[in-house]
Amino acid sequence: MATVSLKNIKKRFGDVTTLHGIDLEINDGEFVVFVGPSGCGKTTLLRTISGLEDISEGELQIGGVRMNELPPVKRGIAMVFQSYALYPHMSVFENMAFGLRLAGMSKKDYTPIVQQVAKVLQLDHLLERKPKELSGGQRQRVAIGRAIVQKPEVFLFDEPLSNLDASLRVQMRIEIARLHRELGATMIYVTHDQVEAMTLADRIVVFRAGQLEQVGTPTELYHEPINLFVAGFLGSPGMNFLSGTISSIGADGVQVALTGNQNVTVLVDAAGAKVGDAVTVGVRPEHLHVDLTSNVLTGNAVVLERLGDSSVLYLDNAAAKVPMSVRMPALRHVDIGQRVPLGFKPAHGYLFNADGKAFRRLDPLAE
Ligand SMILES: Nc1ncnc2c1ncn2[C@@H]1O[C@H](COP(=O)(O)OP(=O)(O)OP(=O)(O)O)[C@@H](O)[C@H]1O
């Protein structure tokens, strides 16, 4: 059983505290993705789990056994880094076999293991090559293969795909998802890539300044973020935020008077709110449409980005601090400077109080 249990984990570098008491239970076989802004402690936490960094306070258990004092090789984990960290003078075969050889396994015993994993990763025809004779994607497959041959119970990935080009990233992402299914191992994965987080994770952990902000399935975090920070962090382009005050509260939702004489209704549970409260309305770019006549917001087009499969239009709006983004059909044309009215359904809106805490949405998965 490779559960990973973090109990009040703290990490200090000298006087500076980087992790402020992390509590997290990861299930056997679960795929957990860590996300958060640069410097929030994701890599540090991964390194404390692996044993590359000491834990200043708290307890780490893997499979129910305390790991704090054990060296990395005794923890049943393998780590894959962004930089691949392959030995340049060794062949692919030797790189993949390195850990097994170090553990004292004979060549006769490790050769079939390396060959079998190389086959799964489509590296079998490259075993004699040196890392410099490989593409980035092939090198990262060697690094992953080197981890797999050790049959770890827990894989730790630190931005493993960030050095690859876009199409290779997609291929490798699919490969990692397949490996997770086939190996059934527990995986902890750090990334800055929204798509990797949303598609690979059973659960996503959002970090902020050395603390857990929210833990949940990708769907929960996307549709029911607990606060403005999580709402703004997941989604690309990010959620639009519009400031205003509550003008009425009824059974069909909360009405908000937005800056700039715009009135919208958002379908949320208004517990704790009262008329006159300052609030922030959130709307995702994909939920704003030109043909909707409810909750109309009007903006002046400033930039139209054509992405091929769709376009993103940016508009100035009196209630938004930064230009609002709107996902548009690929070929729709909008002139820069044109005034564009956009509506959204009340069920698609989000509402946050003055402290940034989200009100509970009444129909979070509404089409
Ligand atoms: N060895 C170290 N000594 C001192 N401070 C460190 C050390 N390693 C990390 N830190 C600090 O700890 C904080 C967290 O760093 P960490 O690399 O874990 O962040 P991260 O969330 O992984 O960031 P990124 O997404 O940019 O990789 C940073 O402020 C960093 O400067």
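Chains are numbered independently. Their residues run from 1 in the order of the written sequence. Only residues with pLDDT of at least 70 get local features here, since the model is predicted, and only at 80 or more are side-chain atom pairs given and counted; chain-wide, interface and lining totals rely on the full set of residues.

### Describing the nonpolar core
A general tendency of soluble globular proteins is for nonpolar side chains to be buried together. In this description, a nonpolar core means buried residues of the types Ala, Val, Leu, Ile, Met, Phe, Trp, Tyr and Cys, linked to one another by C-beta atoms lying within 7 Å. Counting other C-beta atoms within 10 Å of each residue's C-beta, where C-beta atoms are placed from the backbone, gives the exposure class: buried for 20 or more, exposed for 12 or fewer, partly exposed between. Of all hydrophobic cores here, the largest spans 93 residues; its most connected members are Met96, Val154, Phe155, Leu156, Ile188, Val281 and Leu351. Here the limits of each domain have been adopted from an automatic or database domain assignment. Residues lining this core come from more than one domain, with at least three contributed by each of domain 1 (4–228) and domain 2 (229–352). If sequence neighbours within four positions are ignored, Val281 has contacts with Leu242, Gly244, Val256, Leu258, Val264, Val266, Gly349 and Leu351. Placing C-beta atoms from the backbone, we regard two residues as in contact once those atoms come within 7 Å.

### Here's the deal with the sheet that holds strand β9 (residues 203–208)
A pair of strands is treated as paired once DSSP finds two or more bridges between them. Numbering of helices and strands runs from the N terminus, with a helix taken as a DSSP run of H or I at least four residues long and a strand as a DSSP run of E at least two residues long. Pairing in this open sheet of six strands is mixed, and the strands run β6-β7-β8-β3-β9-β10 from one edge to the other. The open sheet has two edge strands, β6 (77–81) and β10 (211–216), and neither has a second partner. Recorded for the sheet is a direction-independent mean angle of 20° between the axes of neighbouring strands. Where β6 lies against strand β7 (residues 154–158), five bridges are found, and the strand directions are parallel. Within β7, the position partnered with Met79 by the bridge is Leu156. Every angle, taken between N-to-C directions, lies between 0 and 180 degrees, and every axis is a line fitted to C-alpha atoms, over only the stretch in contact when it is a helix.

### So, the site of the ligand
Residues are counted as near a molecule or strand when the C-beta atom, derived from backbone positions, lies within 6 Å of that molecule or strand. Phe13, Thr18, Gly36, Ser38, Gly39, Cys40, Gly41, Lys42, Thr43 and Thr44 make up every residue found near the ligand. In terms of residue count, the dominant contributor to the shell around the ligand is helix α1 (residues 42–50) (three residues). In this count, Pro and Cys sit with the nonpolar residues alongside Ala, Val, Leu, Ile, Met, Phe, Trp and Tyr, while Asp, Glu, Lys and Arg are called charged and the others, Gly among them, polar. Residues of the shell around the ligand, tallied by class, amount to two nonpolar, seven polar and one charged.

### Things to note about the UniProt feature "domain: ABC transporter" (unreviewed entry) in the protein chain
Taking the numbering used here, the UniProt-annotated feature "domain: ABC transporter" (unreviewed entry) corresponds to residues 4–234. The span residues 4–234 is 36% helix and 26% strand, and its two end C-alpha atoms sit 25 Å from each other. UniProt positions are given in the numbering used here, feature names are shortened, and annotations may be inferred rather than shown by experiment.

### Remarks on helix α4 (residues 136–148)
A helix's residues, less one, multiplied by 1.5 Å, set its expected span. Counted at 1.5 Å a residue, the expected span for α4 with its 13 residues is 18 Å, and the 18 Å between its end C-alpha atoms agrees. Turning to α4, its buried residues number three or more, namely Arg139, Gln140, Arg141, Val142, Ala143, Ile144, Gly145, Arg146, Ala147 and Ile148. Elements in contact with the buried residues of α4: β6, α2 (92–102), α3 (107–120), β7 and α5 (166–183).

### Here we look at unusual backbone geometry
With an omega of -5°, the peptide bond running from Ser236 to Pro237 counts as cis. Here Pro237 shows up in the loop between α8 (228–233) and β11 (240–250).

### So, the sheet that holds strand β4 (residues 57–62)
Taken in spatial order, the four strands of this open sheet run β2-β1-β4-β5, and their pairing is antiparallel. Strand pairing shows two members of the sheet lacking a second neighbour, β2 (16–26) and β5 (65–66), which therefore form its edges. Bridge count for β4 against β5 is two bridges, and the pairing is antiparallel. What sits directly across from Ile62, in β5, is Val65.

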